[in-house]
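# Residue-level structural notes
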Amino acid sequence: MDLYQDPENKTSEEDINNNVKGVFGVDFASNQDWCTTTSGELTILADASVSKVQLLVKVREVYDDVPSYVTRDAVKLLNEAEVKGQTTIKMSYDAPKENLGFYVAFITDKGNVYKKVKGNTVSVEEPARTRTLSADYVLPSGEFRLAKAIESYANQRGWVEGEMLYDLSDDDYDRLKMISPDYSDEFKTTFRDIVFDIFPNGRSHRNIDLVKESNFFNDKIYPITTGDEPIIVTPTYKCDNPSKYGYEVWNSDLYYYYYKADAVNRMTDDEAAAYFMSLPKYKAIPFEKSFDKTEDDIIAKHGSFALLYFGDGTPEVGENGSVGSFMFPKGYKIGFMIRAKTTADNNKKQGEVYGDGRLNGHINTDKNYNFSSSKLAANDPRAAWLNINKKMMLTWESGTDADFNDIILEIEGGIEDIIVPPPFVFPQVFTYCFEDTELGDYDMNDVVIKALRLNETTIEYRIVACGAHDELYVKNLNYGAISDSKEVHELFGTTPQNFVNTQNGDSYTFVVGTRTVDKDFKLSEEPDNEKPYIFNKTKNKNIYLSKAGQDPHGIMVACDFLYPLERICIRDAYPQFNNWGQNPINSTWWYMSPDQSKVYKN
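Structure report, in brief. (Residues numbered from 1 in each chain as written. Predicted model: local features only at pLDDT ≥ 70, side-chain atom pairs only at ≥ 80, totals over all residues. Heavy atoms only, no water.)

### Some points on the overall build of the protein chain
Helix and strand counts for the protein chain come out as 10 helices and 27 strands. The principal-axis extents of the C-alpha atoms in the protein chain amount to approximately 100 × 55 × 45 Å. When contacts within the protein chain are restricted to residue pairs at least 6 apart in sequence, long-range pairs at least 24 apart make up 71% of them. Of the roughly 25,000 Å² of accessible surface on the protein chain, 44% is carried by carbon and sulfur atoms. If the 65 positive side-chain charges of the protein chain are averaged to one point and the 94 negative ones to another, these points end up 2 Å apart. (Helix = DSSP H or I, 4+ residues; strand = E, 2+ residues; numbered from the N terminus. Contact = heavy atoms within 4.5 Å. Areas by Shrake-Rupley, 256 points an atom, 1.4 Å probe, with all protein chains shown as cover. Lys, Arg positive; Asp, Glu negative; His and termini not counted. Charge placed at Lys NZ, Arg CZ, Asp CG, Glu CD.)

So, in structure tokens, the structure goes:
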């Protein structure tokens, strides 16, 4: 099929090539097929515990104008299927050719199990096995007696009158620390890929919204004791840029408190918060005994600590101090708090932050202290639960950026499972970009279409932009609001005199349609005569996706592509585009490095 259909043949191939050379200033490789997509099929083996499977891909993603100092990648959904009793699921997919690996998520009533894809078959491997305490933990011997009581910062500041914190001796924390059986390298990779996709680093991501969507916050943040095993807490990760910000985590401690589960049943939120504030808080972990002072962004078990039960009521300290037990009674709830003690910024980073947001009213909002810059509301939580491969992780926002990945703890043993609903995974987007004429300016926004695979048999198409004054039609798409008998501008409720979503300030609503496909459907393997293409009625021409050796008049980019603004050539919006065009093996991530001032952002 010709790159353009021009019944009158007014424009020669030489004219097109001369225009391309004039616009781009280089000659493109004859083997450049303008393809950034790969495709395939995977066999997934499930069992009766699995309700749904998802095929995920790890990719690079453009996040911010200025990326955070810890680089994160993204995980996107390629396909998903309801299992419905099947033990073998064949799953087709399209994916970015330049990807960082695949995962299968097995959705079970015990949480998500993520398995990295290493071949063409992936097995669930018993995801429903009961979570039990590792036999590798050896509890320390001897007594653990409370040594001292100190006033909380909240007490000192007059926020919570009488609140006291209770500590063991420093030597006892050395004794209390247990050697931890470390994670496998495979789990560490999974941890990094999944956790930091759910809670990406940086304040711009508004991770608090996801915490609230889970519905496991404030009154539901408390695990319930089972009474049959010790409760073990293991610091696994911290991220605080220590030397720049005063070694915040190393200068912090983890505290906990507990109460009988039915104690607050008839209380209002305010009454419950006052009750929790009145409870003694016990230091579980001085983080200086877990993390190295300068370490950052490292996933590993940093020693484990068992929580101690000191009975109910006000404890004693000193020579006759209350002695802790490794076993909690059944039916208690446990709350957690982090006490930040760094002296950086004139002590403005000192304070207690609670997993239960109802106890954070002062610390989240008092502008005399740095915590208020997190922009968290008065009752917003500072901790969230995640389930990763049968492990319960408590993730913390102990500082100011509200990304909920400053400190991550694994909590295991004598508590009931907290199963958080699996987070929504955004589908991988594939973007079709077309020029509308053979002598174009190559801003690649004359028609822009985005395609997403929602599940085995559903593709969603979105016509998102039209940067042309000619009368244009999108052909081979007749789904939902998309009709190939309607002119593109008309689909947006406007006329060819207007550009659509290609200039700063444009905000036309996308035109959306869903298509039912066979399970083995792949966008990149669709026959040429069924792929979307553009009919330019003004010039009586058809514009198809480019093939090897042709100019880039129609390309499909394997991402949620930030296409160039009106009349800005793609080579200027993406400085590495020409390098890729001249050699397909160079700059293959070109579409992840835009000049942010030259691309459209809706």
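Read on for the rest.
### Overview of the packing of aromatic side chains
Applying the stated criterion to the full structure yields 48 aromatic pairs. With a centroid separation of 5.4 Å and 15° between ring planes, the pair formed by Tyr563 and Tyr600 is classed as stacked. Here Tyr563 is found in the loop between β27 (554-557) and α9 (570-573), whereas its partner Tyr600 is found in the segment after α10 (577-582), with 37 residues between them in sequence. The same class applies to Tyr563 and to Tyr600, which are both buried. Through pairs of rings, three or more aromatic residues link up here, namely Phe24, Phe28, Trp34, Tyr442, Phe561, Tyr574, Phe577, Trp580, Trp589, Trp590 and Tyr591. For the cation-ring pair, Lys391 lies above Phe187, with the distance from its terminal atom to the ring centre recorded as 5.2 Å. (Phe/Tyr/Trp six-rings, centres within 6.5 Å; stacked < 30°, edge-to-face > 60°. Buried < 20%, exposed > 50% of the residue type's maximum accessible area, 1.4 Å probe, protein only. Lys NZ or Arg CZ within 6 Å of the ring centre and 35° of its normal.)

### With respect to the environment of Gly467
Within the secondary structure, Gly467 is located in the loop between β22 (458-465) and β23 (472-475). Separated by 32 residues in sequence, Gly467 and Phe499 have C-alpha atoms that sit 4.9 Å apart. Here Gly467 is in contact with Asn445, Asp446, Phe499, Thr502 and Glu566, once residues within four sequence places are set aside.

### Points about the sheet that holds strand β10 (residues 164-167)
One open sheet holds the six strands; their spatial order is β9-β10-β13-β12-β15-β16, and the pairing between them is mixed. In this open sheet, the two strands that pair with only one neighbour each are β9 (148-151) and β16 (351-354). Taken over all neighbouring pairs, the strand axes of this sheet differ in orientation by 35° on average, direction set aside. (Pairing = 2+ DSSP bridges. Axes fitted to C-alpha atoms, helices over the stretch in contact; angles between N-to-C directions.)

### A closer look at the nonpolar core
The biggest cluster of nonpolar side chains holds 67 residues, and the ones touching the most others in it are Leu254, Tyr256 and Phe336. Excluding its chain neighbours within four sequence positions, the residues that come into contact with Tyr256 are Pro280, Lys281, Tyr282, Lys283, Ala284, Leu307, Leu308, Phe310, Phe328, Ile334, Gly335 and Phe336. Ranked by size, the runner-up nonpolar core spans 31 residues in total, among them Val26, Tyr442, Tyr563 and Tyr600. (Core = buried A, V, L, I, M, F, W, Y, C linked by side-chain atoms within 4.5 Å.)

### Section: the sheet that holds strand β2 (residues 37-45)
The three strands lie next to each other as β5-β2-β8, forming an open sheet whose pairing is mixed. Edge positions in the sheet fall to β5 (88-96) and β8 (121-123), since each of these pairs with one other strand and no more. Mean inter-strand twist for the sheet, computed between neighbouring axes without regard to direction, equals 30°. Pairing geometry for β2 and β8, over three bridges, is parallel. Across the sheet, the residue bridging to Thr43 is Thr121, located in β8.

### Side note on the side chain of Asn79
With respect to the helices, strands and loops of the structure, Asn79 is situated in strand β4 (residues 74-82). If we skip the residues at most four places from it in the chain, Asn79 touches Val53, Gln54, Leu55, Met91, Ser92, Arg453, Asn455 and Glu456.

### Section: the pairing of strand β3 (residues 50-59)
In regular strands, side chains alternate between the two faces of the sheet. Of all 10 residues that make up β3, eight are buried, and the element is covered over most of its length. With seven bridges connecting them, β3 and strand β6 (residues 102-108) associate as antiparallel partners. Paired with Val50 across the two strands is Thr108, which belongs to β6. The sheet contact formed by β3 and β4 spans eight bridges and is antiparallel. What sits directly across from Lys58, in β4, is Val75.

### Considerations on helix α4 (residues 185-198)
Along its 14 residues, α4 runs 20 Å from first to last C-alpha, staying within 8% of the 20 Å computed at 1.5 Å per residue. Within the sequence span of α4, burial applies to Phe187, Lys188, Thr190, Phe191, Asp193, Ile194, Val195, Phe196 and Ile198. (Expected span 1.5 Å × (residues − 1).)

### Things to note about the pairing of β5
A large share of β5 lies buried, amounting to seven of its nine residues. One ladder, built from nine bridges, connects β2 with β5; its direction is antiparallel. By the bridge assignment, Thr43 is partnered in β5 with Lys90.

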